[in-house]
Amino acid sequence: ARLVRLVNEADAEIALVVSDAFQCQGIGTRLMEQLIQMARQEQIARLIAYIRVDNRAMKRLCEKFGFSVTEDEDMVVALLSIPRPASVGVPAAGR
């Protein structure tokens, strides 16, 4: 799995690969959970995945995690906005 901040540091591109021999065992789900957790820790606001049109498994995985998915004839783009925790930006006295 990979998470790379983009020029706009609030966004990051993600990618993950699971070998054919290990697919359908929940590994992709676990990797996605880790990527989202890492993004939260790094205060990334949005994750972006560029997916081949024929990669139905990755498209389904992104949909499972609440990504908005758009598709054209060449590519699928999946976006996930990551809400900031309620305590972020709240003064210490207000907690």
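Our structure's up above, just so we're on the same page.
These remarks concern the structure in this document.

Analysis parameters
- Residues numbered from 1 in each chain as written.
- Predicted model: local features only at pLDDT ≥ 70, side-chain atom pairs only at ≥ 80, totals over all residues.
- Heavy atoms only, no water.
- Helix = DSSP H or I, 4+ residues; strand = E, 2+ residues; numbered from the N terminus.
- Buried < 20%, exposed > 50% of the residue type's maximum accessible area, 1.4 Å probe, protein only.
- Contact = heavy atoms within 4.5 Å.
- Areas by Shrake-Rupley, 256 points an atom, 1.4 Å probe, with all protein chains shown as cover.
- Core = buried A, V, L, I, M, F, W, Y, C linked by side-chain atoms within 4.5 Å.
- Pairing = 2+ DSSP bridges.
- Salt bridge = Lys/Arg side-chain N within 4 Å of Asp/Glu carboxyl O.

Re the overall build of the protein
If you tally the helices and strands in the protein, you get 2 helices and 5 strands. A buried classification covers 26% of the 95 residues belonging to the protein. Nonlocal contacts in the protein, meaning residues at least 24 apart in sequence, comprise 53% of its contacts between residues at least 6 apart. Roughly 6,600 Å² of accessible area belongs to the protein as shown, and the carbon and sulfur atoms make up 51% of that amount.

Regarding the nonpolar core
Core analysis: the largest hydrophobic core is formed by 21 residues, its most contacted members being Leu-3, Ile-14, Met-32, Leu-47, Met-58, Cys-62 and Phe-67. At the level of secondary structure, the elements contributing two or more residues to this core comprise strand E2 (11-15), helix H1 (27-41), strand E3 (46-52), helix H2 (56-64) and strand E5 (75-81). For this core, the leading source of residues is H1, giving 4 residues. If we ignore the near neighbours within four places in the chain, the residues touching Met-32 are Ile-14, Leu-16, Met-58, Leu-61, Cys-62, Phe-65 and Phe-67.

Quick look at the pairing of E5
The alternating pattern of E5 places Val-76, Ala-78 and Leu-80 on a buried face, while none of Met-75, Val-77, Leu-79 and Ser-81, on the opposite face, is buried. Direction of pairing for E3 relative to E5: antiparallel, over a ladder of 7 bridges. Opposite Ile-48, over in E5, you have Leu-79 as the bridge partner. Of the pairings in the sheet, the one linking strand E4 (residues 68-71) to E5 comprises 4 bridges and is antiparallel in character. The partner of Glu-71 across the bridge, within E5, is Val-76.

Re the pattern of salt bridges
Two side chains of opposite charge can pair, provided their charged atoms sit close to one another. Applying the stated criterion across every chain, the model contains 6 salt bridges. For Arg-46, the salt bridge identified is with Asp-11, shortest N-O distance 2.9 Å. Note that Arg-46 is positioned in strand E3 and Asp-11 in strand E2, a separation of 35 residues in sequence. Residue class for Asp-11 comes out buried when judged on its relative accessible area of 9%. Between Arg-52 and Asp-54 there is a salt bridge, and its shortest N-O distance comes to 2.7 Å.

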